[in-house]
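Descriptive structure summary
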Amino acid sequence: MSNTNKLKIFNDPIYGFITIPNPLIYDLIQHPYFQRLRRISQMGLSYLVYPGANHTRFHHALGCLHIMQKAIQVLRFKNTEISKEEENALYIAILLHDIGHGPFSHAMEHSIAEDVHHEEISLLFMNKLNEEFEGKLSLAIQIFKGEYHRKFMLQLISSQLDMDRMDYLKRDSFYSGVEEGKINSDRLIQMMNVVDDVLVIEEKGIYSVEKFLMARRLMYWQVYLHKTSLAAELILTKTLKRAKELHQKGIVIECSKPLFFFIENKITLEDFTDVILNKFAQLDDSDIIGAIKNWQFHEDFVLSSLSKMIINRDLLKIKMSEEKFTVKEVLELAEQFSKEYNVGIQEAKYFVFKGKIKNQAYSKIAEPIRILKKDGGIEDVALLSDQLSLKALSKQVTKYFLCFPKQLNKN
């Protein structure tokens, strides 16, 4: 196939036409590892709350590639030297930054593999692809790991104002229909600059940064941490945990081969050989949905009830509070459930449990978003902003939740 055929364009509902910059990027997009992202939803089970939120990680990765192209254009225009090799490495790193996500994104990190984070799996995929592509991803991997001497390159991929966040806020607000998440990524990118190898935003872009942080905070409360999506995600995690538990007791669990492998084996990061990575690459949302559709009819009360909840969107009730819920409250509800349904307390705890969520739009501990002042000085946006809201955004807010079946009396 000739190289010219590889410079294709995608039509994206957010940015219009996205161009593929070169044949190597095209070949990476065509790779089965990357095509799998078409079958991984970007927002997990959020479509149970926002019916339009059905877009995939594939969409998001291409969107990130597109705005990275824009950012490089702007920085070069402002006399930041970026070589052809560095440019390409940035495209590869941003394109593949999420390639390690499992089915339904975050819900799976704790139930399929044992606390293996998607960033770690992304890196394993990148290393494997680097072998296949004869070392052409080496620089991208160096940047992704933060080992490259030009610090701003990592900031474009992973920071408090990176291409990843810029795309997902814009895209997720578009698909969910939540207007509050809208950000002006064009203006933010136009305001970018590099000083002493560090990414900065010119002072006149400060309001766009404030709007971006505000949008992030609202999207977390309204969408990502929406209590119904949260309940659904927790139920999904517990469904898989129950399937693993039943399998260990010798009870037959039917599901696809790739999913069965992860139910049968306890996989940690150390276990991720090439063989296991390829098994992971076979997993996507359809394995999970297919399994829970079957499990609705399993003889185990816990597994079938949890599966039905997700399939029929008849979820547990979730109560939020500023105060912690007590162990006593959980136990009382669990006892009530165990009497009503004639199941043991351990089983009842699959339906009654507590936890907490945190939201912080801007972290003071992480690397700051730096503003380049008109006099050439550089300042953390939180110190420069006249907005009291930014001080509030830097504060971590914790909310506590209690999940329990609707039919139980909990005033």
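What counts, and at which threshold
- Residues numbered from 1 in each chain as written.
- Predicted model: local features only at pLDDT ≥ 70, side-chain atom pairs only at ≥ 80, totals over all residues.
- Heavy atoms only, no water.
- Helix = DSSP H or I, 4+ residues; strand = E, 2+ residues; numbered from the N terminus.
- Rg over C-alpha atoms; globule rule 2.2 N^0.38 Å.
- Contact = heavy atoms within 4.5 Å.
- Areas by Shrake-Rupley, 256 points an atom, 1.4 Å probe, with all protein chains shown as cover.
- Lys, Arg positive; Asp, Glu negative; His and termini not counted.
- Charge placed at Lys NZ, Arg CZ, Asp CG, Glu CD.
- Salt bridge = Lys/Arg side-chain N within 4 Å of Asp/Glu carboxyl O.
- Buried < 20%, exposed > 50% of the residue type's maximum accessible area, 1.4 Å probe, protein only.
- Axes fitted to C-alpha atoms, helices over the stretch in contact; angles between N-to-C directions.
- Parallel < 35°, antiparallel > 145°, perpendicular 65-115°, else oblique.
- Left-handed = near helix turned anticlockwise from the far one by under 90°.
- Nonpolar A, V, L, I, M, F, W, Y, C, P; charged D, E, K, R; others polar.
- Expected span 1.5 Å × (residues − 1).

**Remarks on the overall build of the chain**
Helix and strand counts for the chain stand at 19 helices and nine strands. Its C-alpha atoms give the chain a radius of gyration of 23 Å, within 12% of the compact-globule value 22 Å for 411 residues. Reported as C-alpha extents along the three principal axes, the dimensions of the chain are approximately 70 × 55 × 35 Å. Excluding contacts between residues fewer than 6 apart, the proportion of contacts in the chain whose partners are at least 24 apart in sequence is 71%. When the accessible surface of the chain is split by element, carbon and sulfur atoms take 51% of a total near 18800 Å². Distance between charge centres in the chain, computed from 54 positive and 53 negative side chains, equals 5 Å.

**Notes on the pattern of salt bridges**
Tallied over the full model, the rule gives 23 salt bridges. Here Asp98 makes a salt bridge to Arg57, at a shortest N to O gap of 2.8 Å. Highlighted residues: Asp98 in the loop between α4 (84-95) and α5 (118-132) and Arg57 in helix α3 (residues 57-77), separated in sequence by 41 residues. Exposure class is identical for Asp98 and Arg57. Each is buried.

**Some details on the packing of helix α11 (residues 227-248) against helix α14 (residues 285-295)**
Two numbers describe how α11 lies on α14: the axes approach to 12 Å, and their chain directions differ by 70 degrees. By the angle between their axes, α11 is roughly perpendicular relative to α14. Between α11 and α14 the crossing geometry is left-handed. Contact with α11, carried on its side by Leu236, Thr239, Leu240 and Ala243, involves Ile288, Ile292 and Trp295 of α14 and no other residues of that element. Looking at the contact of α11 with α14 residue by residue, the classes come out as six nonpolar, one polar and no charged.

**A short note on α5**
Counted at 1.5 Å a residue, the expected span for α5 with its 15 residues is 21 Å, and the 21 Å between its end C-alpha atoms agrees. Buried residues of α5: His118, Ile121, Ser122, Phe125, Met126, Lys128, Leu129 and Asn130, and no others. Count one or two residues on from α5 and you reach Glu134, which has phi positive near 50 degrees.

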